[in-house]
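# Structure assessment
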Amino acid sequence: MGSTNQEIYLENKTISLYIKREDLLHPYISGNKFRKLKYNLVQAKKEKKETLLTFGGAFSNHILAVAAAGKEKGFKTIGIIRGEELKDKIAENPTLQKAKDFGMVYEFVDREIFKERSSPKFIQQLTEKFGDFYLIPEGGTNELAIKGCEEILTETDEKFDYICCSVGTGGTISGLINCSKNSQQVLGFPALKGVFLREDICKFVFKSNWDLIADYHFGGYAKVSIELILFINDFYQKHKVPLDPIYTGKMLFGVMDLINKNYFPENSKILVIHTGGLQGITGMNNLLKQKKQIQINVYD
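Here's what I pulled together on the structure shown here. (Residues numbered from 1 in each chain as written. Predicted model: local features only at pLDDT ≥ 70, side-chain atom pairs only at ≥ 80, totals over all residues. Heavy atoms only, no water.)

### Topic: the overall build of the chain
Worth spelling out the cut-off: Each helix corresponds to a stretch of at least 4 residues labelled H or I by DSSP, and each strand to a stretch of at least 2 residues labelled E; elements are numbered beginning at the N terminus. Between the two quantities, the radius of gyration covers C-alpha atoms and the globule rule is 2.2 Å times the number of residues to the power 0.38. The buried label goes to any residue with under 20% of its type's maximum accessible area, the exposed label to any with over 50%, and the partly exposed label to all in between, with areas taken from a 1.4 Å probe on protein chains only. Any two residues having at least one pair of non-hydrogen atoms within 4.5 Å are treated as being in contact. Calculation of accessible area relied on Shrake-Rupley with a 1.4 Å probe; when residues are assessed, cover is drawn exclusively from the protein chains displayed.
Scanning the chain from N- to C-terminus turns up eleven helices and ten strands. Computed over the C-alpha atoms, the radius of gyration of the chain is 19 Å, within 12% of the 19 Å expected from 2.2 N^0.38 for a compact globule of 300 residues. Seen along its three principal axes, the alpha-carbon backbone of the chain occupies a region of about 60 × 45 × 35 Å. Per-residue burial over the chain gives 55% buried out of 300 residues. Intrachain contacts of the chain at a sequence separation of at least 6 include 73% that bridge at least 24 residues. As presented, the chain carries roughly 14,500 Å² of accessible surface, and 49% of it is formed by carbon and sulfur atoms.

Written out as structure tokens, the structure reads:
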């Protein structure tokens, strides 16, 4: 399954900008989650596993995607969720409620305990409680996920000089780097604060034609501003492309800002990757409504 490249018209610019609509791959397993889960699901079947277990936060795209994939492919699913306070608020959370509707069973854990999610001791405790399962890390990034993300770019994308994507755990950009041409520059826009991402990406890539632009995280993961929301709403009005506020919205804000600052040489051809995540808009709007702030409006 592939996705289409949609041109974004830029006034008074020699630069051409296209967006790869990976968000259209699947209603719930969209964007990079579709790519990351593809070969993990194949491996889980190969190992004759019946249950998928993974980790995530309150509005995790990954949690919903795993739940939907499990429902579609015949797996039981377990979600280890950060924050015990969410246990009695599932019905108020559109992401968790939908994943539950798909059959996902939850284990809500203290935030300090959640930090140990990769430790052998914690994994053993989960095995003792839930039995045998196929483990998918938080965000879905592992070698099989990167293999899936290496299929995002196609031969028709070889004409682009720059490939841009948002960065969470580093899996998507690693796949893009590995399948890019040496003549292309891959730019990642982290949604999180911190320099640890560069080290994580280096574990999976074998090229040097990439860089991280860390100026557009808007305060860190899941943090937004009025400026960002206005940009997302305006972008939809102009181009009819919905953007999520956690990942792709920040990345495209950064790309457009860099274009306006003449970061890219004249006649550059830029391809930005839409990694999905639109399901999180409802939850974010609920939070914005509580704060009496402007909301994201990307649907007619």
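Next comes the rest of the description.
### So, unusual backbone geometry
Note: most peptide bonds trans; most residues except glycine with negative phi. Residue Asn12 is not a glycine yet carries a positive backbone phi of 55°. Phi at Asn267 is positive, roughly 70°, even though this residue is not glycine.

### Brief notes about the pattern of salt bridges
Condition: Whenever Lys or Arg places a side-chain nitrogen within 4 Å of a carboxyl oxygen from Asp or Glu, that contact is recorded as a salt bridge.
If you walk through the whole model with that rule in mind, you get 15 salt bridges. The salt bridge involving Arg21 is made with Asp23; its shortest N-O contact spans 2.9 Å. Both residues of the pair, Arg21 and Asp23, belong to the buried class. Between Arg82 and Glu138 there is a salt bridge, with its nearest N and O atoms 3.2 Å apart. Of this pair, Arg82 sits in strand β4 (residues 76-82) while Glu138 sits in the loop between β6 (134-135) and α6 (143-149), placing them 56 residues apart in sequence. Arg82 sits in the partly exposed class, given a relative accessible area of 25%. A residue is classified by how much of its surface remains accessible, and Glu138, at 24% relative accessible area, is partly exposed. In the salt-bridge network here, residues are joined through shared partners; they are Arg82, Arg117 and Glu138.

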